[in-house]
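The chain contents come next:
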Amino acid sequence: HAEAVSLVGDFNSWDPAECPMERLEDSDIWEGVRAGIQEYDCYKYAVVSREGEEPVLKSDPYAYHFETRPANASKVYHLETPPGKKIRPHPMTPP
């Protein structure tokens, strides 16, 4: 259970004070909004425990893209197909 959570990454020089998140009322769910994030920016969550320890950086467990090992930051990745770009079906996809 976290006392505080911030979004940190390439877009804010990994500074937890730049993008604090807010806890949804009566839950352990945190939310936040940050403008200026670009596709492939690396990011993590800076989580402060209720014991008040230094923030621990955690990768996003729901991210679709990550840095190559041994690094482990999540990366912003859009799943939508850009307009005009065709995606070839997988060779094993039935017609």
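Basis of the calculations
Residues numbered from 1 in each chain as written. Predicted model: local features only at pLDDT ≥ 70, side-chain atom pairs only at ≥ 80, totals over all residues. Heavy atoms only, no water. Helix = DSSP H or I, 4+ residues; strand = E, 2+ residues; numbered from the N terminus. Buried < 20%, exposed > 50% of the residue type's maximum accessible area, 1.4 Å probe, protein only. Contact = heavy atoms within 4.5 Å. Areas by Shrake-Rupley, 256 points an atom, 1.4 Å probe, with all protein chains shown as cover. 1 Å grid on protein atoms, 1.4 Å probe; cavity = no way out; pocket = protein on both sides within 12 Å on 5 of 7 lines; lining within 4 Å. Points joined across faces, edges and corners; volume = space filled by probe spheres on them. Nonpolar A, V, L, I, M, F, W, Y, C, P; charged D, E, K, R; others polar. Core = buried A, V, L, I, M, F, W, Y, C linked by side-chain atoms within 4.5 Å. Pairing = 2+ DSSP bridges. Salt bridge = Lys/Arg side-chain N within 4 Å of Asp/Glu carboxyl O.

(A) Fine view of the overall build of the chain. A count of helices and strands for the chain gives zero helices and six strands. Scanning the chain from its N terminus toward the C terminus, one meets helices and strands in the order β-β-β-β-β-β. Counting only residues that meet the buried cut, the chain has 24% of its 95 residues in that class. For the chain, the share of sequence-separated contacts (at least 6 apart) that also reach a separation of at least 24 residues comes to 51%. Carbon and sulfur atoms provide 53% of the accessible area of the chain, an area that totals close to 7,700 Å².

(B) Geometry of the layout of surface pockets. Of the voids in this model, the largest pocket is the one considered here, and its volume is about 260 Å³. Forming the boundary of the largest pocket are Ala-2, Val-5, Met-21, Asp-28, Trp-30, Tyr-45, Val-47, Lys-58, Ser-59, Asp-60, Pro-61 and Tyr-62. When residues of the lining of the largest pocket are traced back to their parent elements, those giving at least two are β1 (2-9) and β4 (42-49). Of the residues assigned to the lining of the largest pocket, the class counts are eight nonpolar, one polar and three charged.

(C) A look at the nonpolar core. Judged by nonpolar contacts, Leu-7, Phe-11, Cys-19, Tyr-43, Ala-63 and Val-76 together constitute the single largest core of six residues. If sequence neighbours within four positions are ignored, Val-76 has contacts with Ile-37, Gln-38, Glu-39, Tyr-40, Asp-41 and Tyr-43.

(D) View of the pairing of β4. Most of β4 is tucked away: six of the eight residues are buried. The pairing of β4 with strand β6 (residues 74-75) spans two bridges and is classified as antiparallel. Within β6, the position partnered with Cys-42 by the bridge is Lys-75. One ladder, built from three bridges, connects β4 with strand β5 (residues 56-58); its direction is antiparallel. Pairing of Tyr-45 across the sheet is with Lys-58, part of β5.

(E) Layout of the pattern of salt bridges. Taken as a whole and judged by the stated rule, the model has two salt bridges. Here Arg-23 ties to Asp-28 by a salt bridge, and the two come within 3.0 Å at their closest N and O atoms. Residue Arg-23 is classed as partly exposed on the basis of its relative accessible area, which comes to 30%. A salt bridge links Asp-28 to Arg-50; the shortest N-O distance between them is 3.7 Å. Placement of Asp-28 in the loop between β2 (22-23) and β3 (30-31) and of Arg-50 in the loop between β4 and β5 is noted, with a sequence separation of 22 residues between them. For Asp-28, a relative accessible area of 43% translates into the label partly exposed. Shared partners join several salt bridges into a network, and the residues in it are Arg-23, Asp-28 and Arg-50.

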